[in-house]
Amino acid sequence: MQVTTTLTRNFRILWFGSLITDLGNAMTLPFIVLYIQTLGHYSTTQLNLLGAAAFAVTYACKALVAPLWGRLADQKGRKLMCLRASGMMTLTILGVGLAPNVTILLILRAAQGAFSGYINNANALISLTAPAERRGQWLSKLVTGSISGTLMGPLLGSVLANTVGYRGAFIVTSGLMAMVFVMTLWGVQEDVTPVSRQALAPLRPILKQIGGVFIMALLTSLLVVQATTNAVTPILSLFVMQLAPQASSNTIVLLTGLVAAAPGVATILMAGRIGRLIDRLGAGRCLLIFLGLAISDLILTSLVQQVGQLIILRLILGIADAALLPALQVMTVERVPQVAFGRVFSLNQSAQACGNVVGPGLAVLVANQWGYQPIFLVTASLQVIALGLWGLYFHQQPGR
């Protein structure tokens, strides 16, 4: 009973923390280029470059530094990592809101990425404490926190920018993250026995024991899922405009919002059912099923001629996402020894961060060369690679 009570309290706080973390990102990123414009005199080309840099530098630093935090998580526990991430996000977002120039802004965005990791460590903590027979359900529900934040963020960010200004929006976001820090500090419980650096088991023999094919399939899948989800985001409005050339600018904005929100809405609505399916069928089988669904969906998306078709197919992609990330996390828990869990999970975090950079960058290159529809064929090809790696892994398992 005590375990269930502690798990429920931890889940509620970490769900709220995940919501606020992605809410904070989604609130401020849409207008960060407009904020940069107030910090100096820049051409349109310079603004495009600086806006992309402000986005990419955070994820690039996150990908580089995550393995170091993973080692510390194995030594000190996941709660400390959540406190580190929320505390630093509080300070860096406040600093961005007070930044006197774009150089300071970019440095703070880099620091935010280097010290990030609240959501990943929240997932790790729940993964390790949830009962094995219901782990898929807990993780699927936890995902809805960050998705809800992503959906609510742009609307709330627009309201704040129009009421308290760009700087005020960053300051409010910093205050929300400070609330998450306090709630995590006082409310989250984790039983952890500190391990000295010398006593920590070496990672390389553990990775060898887990198997190179499993690690490759895991990291490739996480990168691909993240890249697929975010690939079209920077140019979504242009694609919608191509599909609805007669629509007014206000209608384009509305339709773009519907298309952008569709995957997240589907994930939230289907998370509970998908979680139960993972627990019943197993994470491995669900991985294969929903990777196949995502590939079919992306191929069909490359053929769309109407915005309505695009919305329906993005909803289906959201259903696949609701299964893929929790299933990958369950696979990690099932096959990675607890002594190395933080370090392996940090590699997962690096892979996802790389996906956030690779996806949009690849989409822009493809769109400039061949147009918007081929983007979905390229991301489908990436999913095929992930599916092939998992097929190879399961083929090698004894008792197949």
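That block above? That's the structure.
Now for a description of the structure that goes with this document. None of these values were measured; they are calculated from a predicted model. (Residues numbered from 1 in each chain as written. Predicted model: local features only at pLDDT ≥ 70, side-chain atom pairs only at ≥ 80, totals over all residues. Heavy atoms only, no water.)

### Topic: the overall build of the chain
Selection rule: Each helix is a run of DSSP H or I of at least 4 residues and each strand a run of E of at least 2, with the numbering of both proceeding from the N terminus. The contact definition used throughout considers only heavy atoms, calling two residues in contact when any of these lie within 4.5 Å. Exposure was quantified through the Shrake-Rupley algorithm and a 1.4 Å probe, taking into account, for residues, occlusion by the shown protein chains and nothing else.
What the chain contains, in helices and strands, is 16 helices and zero strands. Oriented by its inertia axes, the alpha-carbon framework of the chain measures out at about 55 × 45 × 35 Å. Counting only contacts in the chain whose residues sit at least 6 apart along the sequence, the fraction spanning at least 24 positions is 85%. With the model as given, the accessible surface of the chain reaches about 17,800 Å², and the carbon-plus-sulfur share is 66%.

### Looking at the nonpolar core
Applicable threshold: In this description, a nonpolar core means a group of buried Ala, Val, Leu, Ile, Met, Phe, Trp, Tyr and Cys residues linked to one another through side-chain atoms lying within 4.5 Å. Partly exposed describes any residue whose relative accessible area lies between the buried limit of under 20% and the exposed limit of over 50%, with all areas from a 1.4 Å probe on protein chains only and scaled to the type maximum.
Counting residues in hydrophobic clusters, the biggest one holds 105 residues, and the most contacted among them are Leu14, Leu105, Ile126 and Trp390. No other element matches the 15 residues that helix α14 (residues 307-335) contributes to this core. Ignoring any residue separated from it by four or fewer positions in sequence, one finds Leu105 in contact with Ile32, Tyr35, Ile36, Leu39, Ala54, Val96 and Ala99.

### Regarding the side chain of Thr144
Among the structural elements, Thr144 can be located in helix α7 (residues 135-163). For Thr144, the residues in contact, after removing those within four places along its chain, are Trp15, Thr267, Ile268 and Ala271.

### Focus: the packing of helix α13 (residues 283-301) against helix α16 (residues 373-396)
Any two packed helices are characterised by how steeply their axes cross, that is the angle between the axes, and by the distance between the axes. Using the following cut-off: Axes here refer to lines fitted to C-alpha atoms; in helices the fit is confined to the stretch in contact. Angles between the N-to-C directions go from 0 to 180 degrees. Oblique is the label for any angle not under 35 degrees, not over 145, and not in the 65 to 115 range, which are roughly parallel, roughly antiparallel and roughly perpendicular in turn. Working rule for handedness: look at the near helix, and if it is turned counterclockwise from the far one by less than a right angle, call the crossing left-handed; if clockwise, right-handed. When residues are sorted by character, Ala, Val, Leu, Ile, Met, Phe, Trp, Tyr, Cys and Pro go into the nonpolar class, Asp, Glu, Lys and Arg into the charged class, and all the rest, Gly among them, into the polar class.
Two numbers describe how α13 lies on α16: the axes approach to 8 Å, and their chain directions differ by 160 degrees. Judged on the interaxial angle alone, α16 and α13 are roughly antiparallel. In this structure, α13 crosses over α16, and the sense of that crossing is left-handed. Each of Gly284, Leu287, Leu288, Leu291, Ala294, Ile295, Leu298, Ile299 and Thr301 in α13 lies in contact with α16, whose residues at this interface are Gln373, Phe376, Leu377, Thr379, Ala380, Gln383, Val384, Ala386, Leu387, Trp390 and Phe394. Taken together, the residues that form the contact of α13 with α16 break down as 15 nonpolar, five polar and no charged.

### Digging into the pattern of salt bridges
Formally: Salt-bridge detection follows one rule: a side-chain nitrogen of Lys or Arg within 4 Å of a carboxyl oxygen of Asp or Glu.
For the structure on display, the rule yields four salt bridges. Salt-bridge contacts for Asp74 lead to Arg343; the nearest nitrogen and oxygen are separated by 2.7 Å. Residue Asp74 is found in helix α3 (residues 44-76), and its partner Arg343 is found in helix α15 (residues 341-370); the two are separated by 269 residues along the sequence. Like Arg343, Asp74 is buried. Salt bridges sharing common partners tie together Asp74, Arg78, Glu190 and Arg343.

### Considering the side chain of Thr21
Considering the arrangement of structural elements, one finds Thr21 in helix α1 (residues 2-28). With residues up to four places along the chain from it excluded, the contact list for Thr21 reads Met89, Tyr118, Ile119 and Met177.

### Brief notes about the environment of Ile32
Inspection of the secondary structure assignment puts Ile32 in helix α2 (residues 32-37). Among the residues examined, Ile32 registers a relative accessible area of 3% and is labelled buried. Considering only alpha carbons, one finds Ile32 and Val96, 64 residues apart in sequence, at a separation of 10.0 Å. Excluding its chain neighbours within four sequence positions, the residues that come into contact with Ile32 are Ala54, Leu105, Arg109 and Phe170.

### A word on the packing of aromatic side chains
Quick reminder of the rule: Aromatic contacts are taken between Phe, Tyr and Trp rings whose centres are within 6.5 Å, Trp giving its six-membered ring; a plane angle under 30 degrees counts as stacked, one over 60 as edge-to-face, and the others as tilted.
Evaluation of the coordinates by the stated rule reveals eleven aromatic pairs. Both rings, one in Tyr35 and one in Phe170, keep their centres 5.1 Å apart while their planes meet at 40 degrees; by these two values the pair is tilted. One end of the pair, Tyr35, is in helix α2; the other, Phe170, is in helix α8 (residues 165-187), with 135 residues separating them in the sequence. Given a relative accessible area of 3%, Phe170 falls into the buried group. Counting every residue linked through ring pairs, the aromatic cluster contains Phe214, Trp390, Tyr393 and Phe394.

### Considering the packing of helix α10 (residues 212-230) against α16
Relative to each other, α10 and α16 sit at 155 degrees, their axes nearing to 9 Å. In this view, α10 runs roughly antiparallel relative to α16, as classed from their interaxial angle. Handedness of the crossing formed by α10 with α16: left-handed. Here α10 contributes Val213, Phe214, Met216, Ala217, Leu218, Thr220, Ser221, Val224, Val225 and Thr228 to the contact with α16, which in turn contributes Thr379, Leu382, Gln383, Ile385, Ala386, Leu389, Trp390, Leu392, Tyr393 and Gln396. Partitioning the contact of α10 with α16 into residue classes produces 14 nonpolar, six polar and no charged.

### Re a nonpolar patch on the surface
How we decide: Note that patches include only residues with greater than 30% relative accessible area and no salt bridge, and the join distances are 9 Å for like charges and 5 Å for nonpolar side chains (Val, Leu, Ile, Met, Phe, Trp, Tyr).
Side chains of Leu94, Leu98 and Ile171 sit close together on the surface and give an oily, nonpolar patch of about 240 Å² of accessible area. Assignment of secondary structure puts Leu94 in helix α4 (residues 78-98). Judged by its relative accessible area of 31%, Leu94 falls in the partly exposed class.

### Overview of the environment of Gln37
The topology assignment puts Gln37 in helix α2. Placed 45 residues apart in sequence, Gln37 and Cys82 show a C-alpha to C-alpha distance of 33 Å.

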